Amino acid sequence: MSAILLAVQDTYGTVLAQVGNPTPEAPPGSEKILQLVRYLTWFVLLSGVCGIIYAGGRFAWEKWTGGGLESPKMVAGAMIGGVVATSAGTIMNAVIGT
């Protein structure tokens, strides 16, 4: 659905009013919010990389000591979280429909 159309017709079928799909416009001062979102995205990606590095080190330690293997779940969780975090904009565009 690419446009919202509201049509009001009289008894003769003449269109009296139409409203098209308005183009979105950023409000004043929104650049600071977008900058904050970019910083948060960077922090989430950095956290994911650190999580994968930590889980990799823990995986090596668990293999070395012969303990239970919990770290592969941590690696999978960090990777899934990274995919969701980096595709959040695409997911929102799909949901909103822009």
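Residues numbered from 1 in each chain as written. Predicted model: local features only at pLDDT ≥ 70, side-chain atom pairs only at ≥ 80, totals over all residues. Heavy atoms only, no water.

Caption draft 1: The arrangement of helix α1 (residues 30-65) in detail. When the terminal C-alpha atoms of α1 are compared, their 52 Å separation across 36 residues agrees well with the 52 Å that a helix rising 1.5 Å per residue should span. Taken residue by residue, α1 has Ser30, Gly48, Ala55 and Glu62 as its buried positions. Lining the buried residues of α1 we find α2 (71-86). (Helix = DSSP H or I, 4+ residues; strand = E, 2+ residues; numbered from the N terminus. Expected span 1.5 Å × (residues − 1). Buried < 20%, exposed > 50% of the residue type's maximum accessible area, 1.4 Å probe, protein only. Contact = heavy atoms within 4.5 Å.)

Caption draft 2: Geometry of the UniProt feature "transmembrane region" (unreviewed entry) in the protein. The sites that carry the UniProt feature "transmembrane region" (unreviewed entry) are, in the present numbering, residues 36-55 and 75-96. Summarising residues 75-96: 95% helix, 0% strand, and an end-to-end C-alpha distance of 31 Å. (UniProt positions renumbered as here; feature names shortened; annotations may be inferred.)

Caption draft 3: A look at the pattern of salt bridges. Going through the model one piece at a time under the given rule, you end up with 2 salt bridges. Here Arg38 ties to Glu31 by a salt bridge, and the two come within 2.9 Å at their closest N and O atoms. Taking the relative accessible area as the measure of exposure, Arg38 reaches 46% and is therefore partly exposed. Glu31 gets classed as partly exposed once you look at its relative accessible area, which sits at 49%. For Glu62, the salt bridge is made with Arg58, and the minimal N-O distance between the two is 3.1 Å. Of the two residues, Glu62 and Arg58 are both situated in helix α1; the distance of 4 residues between them amounts to about one turn of the helix. Arg58 sits in the partly exposed class, given a relative accessible area of 32%. (Salt bridge = Lys/Arg side-chain N within 4 Å of Asp/Glu carboxyl O.)

Caption draft 4: Representation of the side chain of Ser30 within the structure. Summarising the element assignment, Ser30 is placed in helix α1. On the basis of relative accessibility, which here comes to 14%, the residue Ser30 falls in the buried class. Engagement of the side chain of Ser30 in a polar contact is seen with the backbone oxygen of Pro27, the distance being 3.0 Å. (Polar contact = N/O pair within 3.5 Å; in protein donor to acceptor, adjacent residues only side chain to side chain.)

Caption draft 5: A look at the confidence of the model for the protein. Confidence in the prediction for the protein averages 76 pLDDT; 80% of positions are at 70 or higher. Within the protein, the element-level pLDDT minimum falls on strand β1 (residues 6-9), averaging 49, and the maximum on α1, averaging 85. (pLDDT = per-residue confidence, 0-100.)

Caption draft 6: A nonpolar patch on the surface, seen in detail. Among the surface-exposed residues, Ile80, Val84, Ile91, Met92, Val95 and Ile96 lie close enough to one another that they form a single nonpolar patch of about 600 Å² accessible area. Where the nonpolar patch is concerned, the elements lending two or more residues are α2 and α3 (88-96). The dominant element in the nonpolar patch, judged by the number of residues it contributes, is α3, at 4 residues. Along the chain, Val95 turns up in helix α3. (Patch = residues over 30% accessible without salt bridge, like charges linked within 9 Å, V, L, I, M, F, W, Y side chains within 5 Å. Areas by Shrake-Rupley, 256 points an atom, 1.4 Å probe, with all protein chains shown as cover.)

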